Amino acid sequence: MANKGQDIVSVIKKQMESFGTRVTMVDTGVVVEIGDGVARVHGLSSCRSMELLEFPNSVFGIALNLEEDSVGAVILGDERSIQEGDEVKTTGRIVEVPVGKELLGRVVDPLGRPLDGKGPIKSETFRPVERVAPDVSKRSSVDTPIQTGIKAIDAMTPIGRGQRQLIIGDRSTGKSQIGIDAIINQKGQNVQCVYVAIGQKASKVSQVVGTLERFGAMEHTVVVAANAADSAALQWLAPYAGCAIAEQFMEGGGDALVIYDDLSKHSWAYRQVSLLLRRPAGREAYPGDVFYLHSRLLERAAKLDAESGGGSITALPIIETQAGDVSAYIPTNVISITDGQIYLEADLFNAGTRPAVNAGLSVSRVGGAAQRRAIRRVAGRIRLDLSQYRELAAFAQFGTSDLDQATLTQLERGQRTIEILKQGINEPISMEHQALILYAVTNGFLDSVPLDAVGRWESEFQRFMQANYPEVANGIRESNDLDETQEETLKKGIEEFKTSFIA
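So, a few notes on the structure that sits alongside this text. (Residues numbered from 1 in each chain as written. Predicted model: local features only at pLDDT ≥ 70, side-chain atom pairs only at ≥ 80, totals over all residues. Heavy atoms only, no water.)

### Examining the overall build of the protein
In terms of regular secondary structure, the protein is built from 16 helices and 16 strands. Burial analysis of the protein (503 residues in total) assigns 52% to the buried set. Across the protein, the fraction of contacts at a sequence separation of at least 24, relative to all contacts at a separation of at least 6, is 74%. Side chains of the protein give 53 positive and 65 negative charges; the mean places of these two sets differ by 3 Å. (Helix = DSSP H or I, 4+ residues; strand = E, 2+ residues; numbered from the N terminus. Buried < 20%, exposed > 50% of the residue type's maximum accessible area, 1.4 Å probe, protein only. Contact = heavy atoms within 4.5 Å. Lys, Arg positive; Asp, Glu negative; His and termini not counted. Charge placed at Lys NZ, Arg CZ, Asp CG, Glu CD.)

Below is the structure:
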């Protein structure tokens, strides 16, 4: 019994020696006003900007307005469970999102919470959603293309890895489809994609996810969704969360492609949040920092130099215009930030030219330096040919009887070039096959093909070359160029195919 008592005493002594208490200080405040997704909290003297605040019933908010005796916060959950007088605590955490390859194939909200019913996200790595863009000393020039698989874009407005290329146009002109096709075309290219859906209907987001799954693209894609039914705060946060996820891939030495669909709705959400927080309104009721809202997001897209890992983020922001007005406030802001734009015209779309890329208003300020040599060699004249064709077409609408043969030839070739640049949805085309068909049209091999047979000529020609002269496409894919030997073989193949083609 004595031994047993001594054992108990020794255990108690050991527990007393190891006993300690950790003192933690939590800054608390009181809700003095709540409504419309915004809370005003009295207190929280040590609160930081963009800090997560914990409200009752496990509801979180973000501190945005730091005033003298109160904090303005946006609510990220159900505000109906919060009342005036409730206690609010600081968490000491700036808003962050889980990142890493564990998110590939998943649909998440701007806080990284899963929306696809596939279980919790297992990532243990987090990144703040807001971050200063890489400085100039860590960047390198854009010299590698990112192929969208869309002939009209890869030929006339090419996009380089690390570039910010705006997609702009009216409602229902195919803006989102360009982003989706670009994601599908990255399969096997070692490019991780992030699709950010802002303020869209849940049914449309579900349709996009279904399309990506059908073409095997979800394996390299993360979808960040802040739907129209979600709060304005979540819609405002979504693109920054998507960019943080992409930055993890970039800083790991990889390449990432981010689609922001779309920044018009993003600016509307931020305007709503700012007005509710009683920030001073400026032009069109937008707050004064609406330009900074998008510049600090898009400047995070970059191509890092070799010392910084050599990774890249390519951003494709989407802007919706009203009646083709590219001079409106938000469109001009984003145009001034980006490295070029792809302008989709409603009239072209309604006339059946899809994708409805306006070659005159679309420009890439960087991508030409990163364009594949094969594409640059065969498509260098396309933009000039199309602009000359449109000028001649304006005169030719009054009649072609007085036009000389050279003008008629240019008109015929322009029509066939437009037909060749048409492309179905979810049908991206590889770089080498683009080079083959663009070579044929720019060198006049389609001039004698009837206009209504051009589409069929293209598809049958691709099959013919793949079956009889596969070395041409393989050589272009390996060397990214079209040398003289391959060009002679290509000419031979085109002539041979033309004799067998029945219009």
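### Details of the side chain of Arg 164
Following the sequence through the fold, Arg 164 ends up in the loop between α2 (151-156) and β10 (166-169). At a separation of 2.8 Å, a polar atom in the side chain of Arg 164 contacts the side chain of Glu 299. Sequence-distant contacts of Arg 164, that is, excluding residues within four places in its chain, are made with Leu 298, Glu 299, Ala 301, Ala 315, Ile 337, Thr 338, Asp 339 and Gly 340. (Polar contact = N/O pair within 3.5 Å; in protein donor to acceptor, adjacent residues only side chain to side chain.)

### Quick notes on unusual backbone geometry
The omega torsion of the bond from Asp 261 to Asp 262 falls at -5°, within 30 degrees of zero and hence cis. Mapping Asp 262 onto the fold places it in the loop between β13 (255-261) and α6 (263-276). In this structure, the amide linkage connecting Arg 354 to the following residue, Pro 355, adopts the cis form with an omega of 5°. Assignment of secondary structure puts Pro 355 in the loop between α9 (346-350) and β16 (363-364). Notably, Leu 44 is not glycine yet its phi reads approximately 55°, a positive angle. One can find Leu 44 in the loop between β2 (38-43) and β3 (51-55).

### Details of the pattern of salt bridges
Taken as a whole and judged by the stated rule, the model has 27 salt bridges. Here Glu 299 makes a salt bridge to Arg 164, at a shortest N to O gap of 2.8 Å. Of this pair, Glu 299 sits in the loop between α7 (290-298) and β14 (312-320) while Arg 164 sits in the loop between α2 and β10, placing them 135 residues apart in sequence. For Glu 299, a relative accessible area of 32% translates into the label partly exposed. Accessibility expressed as a relative area gives 10% for Arg 164, which makes it buried. (Salt bridge = Lys/Arg side-chain N within 4 Å of Asp/Glu carboxyl O.)

### Focus: the pairing of strand β5 (residues 70-75)
For β5, the tally of buried residues reaches six of six residues, placing the bulk of the element in the interior. Burial along β5 is two-sided: Ser 70, Gly 72 and Val 74 facing one way and Val 71, Ala 73 and Ile 75 facing the other are all buried. Relative to β5, β2 runs antiparallel, the two being bridged by five bridges. By the bridge assignment for β5, Val 41 is matched with Val 71. Examined bridge by bridge, strand β4 (residues 59-66) and β5 share five bridges and lie antiparallel to one another. Each bridged residue has a counterpart across the sheet, and for Leu 66 the counterpart in β5 is Val 71. The antiparallel pairing of β4 with β5 creates a hairpin that spans three residues between the two strands. (Pairing = 2+ DSSP bridges.)

### Details of the nonpolar core
Of all hydrophobic cores here, the largest spans 72 residues; its most connected members are Leu 212, Leu 257, Leu 438, Trp 457, Phe 461 and Leu 490. Take this core: its biggest share by element is eight residues, from helix α13 (residues 431-442). Setting aside its immediate chain neighbours within four residues, Leu 438 contacts Ala 155, Val 378, Ala 379, Ile 382, Ile 420 and Leu 421. (Core = buried A, V, L, I, M, F, W, Y, C linked by side-chain atoms within 4.5 Å.)

### Things to note about the sheet that holds strand β6 (residues 87-94)
On the basis of which strands lie adjacent, the closed barrel formed by six strands has the order β1-β2-β5-β4-β3-β6 and antiparallel pairing. The average undirected angle you get between the axes of adjacent strands in this sheet is 45°. (Axes fitted to C-alpha atoms, helices over the stretch in contact; angles between N-to-C directions.)

### Brief notes about the sheet that holds β10
With respect to topology, eight strands assemble into an open sheet ordered β8-β12-β11-β13-β14-β10-β15-β16, the strand pairing being mixed. Both outer strands of the open sheet, β8 (107-108) and β16, are each paired with one neighbouring strand and no more. Bridge count between β10 and β14: three bridges; the pairing is parallel. For Gly 169, the partnering residue across the bridge sits in β14 and is Glu 320. Across the sheet, helix α8 (residues 329-337) is in contact with β10, β14 and β15 (340-344); its angle to β10 comes to roughly 155°.

### Some thoughts on the packing of aromatic side chains
Both the distance between ring centres and the angle between the ring planes are used here to describe each pair of aromatic rings. Here the structure, examined in full by the defined rule, presents nine aromatic pairs. When the centroid spacing of 5.5 Å and the interplanar angle of 45° are considered together, the rings of Phe 464 and Phe 497 count as tilted. One end of the pair, Phe 464, is in helix α14 (residues 454-468); the other, Phe 497, is in helix α16 (residues 484-500), with 33 residues separating them in the sequence. Residue Phe 464 shares its accessibility class with Phe 497, and that shared class is buried. Using a relative accessible area of 4% as the deciding quantity, one classes Phe 497 as buried. By way of ring pairs, the aromatic residues Trp 457, Phe 461, Phe 464, Tyr 469, Phe 497 and Phe 501 are connected into one cluster. The ring of Phe 349 has Arg 354 sitting right over it, with the charged end atom 4.0 Å from the ring centre. (Phe/Tyr/Trp six-rings, centres within 6.5 Å; stacked < 30°, edge-to-face > 60°. Lys NZ or Arg CZ within 6 Å of the ring centre and 35° of its normal.)

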